[in-house]
Amino acid sequence: MPNQTTAIVAKIIFPVHDMGEAIGFYRSLGFDVESYDGSYAWVRHDGHEILHLSLIEGLDTGANRAAGYFHVDDADAWHARWSGSSAGIGDPADRPWQMREFAVRDPSNNLLRVGHNL
């Protein structure tokens, strides 16, 4: 059995069809994005790496089902911050699973949900 005190830090790796477009999208949401070599990038928030972007040649964005979840303190505040930056951001709603959340898709059709506990 693993040590119960060992911390686990997970990173989402989103496939993207156009790295420049993806970087622009995440920067428009207020994140810092650092490109590694044109085919890989890191997305940071407050100095913490939270998401990776990986260029996939020929990515079928219509078939892309990649998704991630940001668990935050206040989903409404995040929605307000992002609402003017990108089309396609859903409205926050209380969900039966006791979360208040909204969702947005990036240009490669990656689904990003943002929510907080009710």
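Our structure is the block above this text.
Everything in this summary refers to the structure shown in the same document.

Basis of the calculations
Residues numbered from 1 in each chain as written. Predicted model: local features only at pLDDT ≥ 70, side-chain atom pairs only at ≥ 80, totals over all residues. Heavy atoms only, no water. Buried < 20%, exposed > 50% of the residue type's maximum accessible area, 1.4 Å probe, protein only. Helix = DSSP H or I, 4+ residues; strand = E, 2+ residues; numbered from the N terminus. Pairing = 2+ DSSP bridges. Core = buried A, V, L, I, M, F, W, Y, C linked by side-chain atoms within 4.5 Å. Contact = heavy atoms within 4.5 Å. Phe/Tyr/Trp six-rings, centres within 6.5 Å; stacked < 30°, edge-to-face > 60°. Lys NZ or Arg CZ within 6 Å of the ring centre and 35° of its normal.

Take the pairing of strand 5 (residues 67-71) next. Side chains of strand 5 alternate between two faces, with Gly68 and Phe70 buried and Ala67, Tyr69 and His71 left unburied. Summarising the sheet, strand 5 and strand 8 (residues 111-117) pair through five bridges and their orientation is parallel. The residue of strand 8 that forms the bridge with Tyr69 is Arg113.

A few words on the nonpolar core. If you look at the biggest cluster of nonpolar residues, it comprises 25 residues, and the most contacted ones within it are Tyr26, Phe31, Leu53, Phe70 and Trp82. Broken down by element, the residue count for this core peaks at five residues, all from helix 1 (residues 19-28). In this structure, Phe70 is in contact with Ile12, Phe31, Ile50, Trp82, Leu112, Arg113, Val114 and Gly115, ignoring residues within four places of it in sequence.

Under the counting rule described, the total for this entry stands at eight aromatic pairs. Plain terms: the ring middles of Phe31 and Phe70 are 6.1 Å apart, the flat faces sit at 75° to each other, and that makes the pair edge-to-face. Of the two residues, Phe31 is situated in the loop between helix 1 and strand 2 (32-35) and Phe70 in strand 5; the sequence distance between them amounts to 39 residues. Grouped by ring-pair contacts, the aromatic residues Phe31, Phe70, Trp78, Trp82 and Phe102 constitute a single cluster. The ring of Trp78 carries the charged tip of Arg81 above its face, separated from the ring centre by 4.2 Å.

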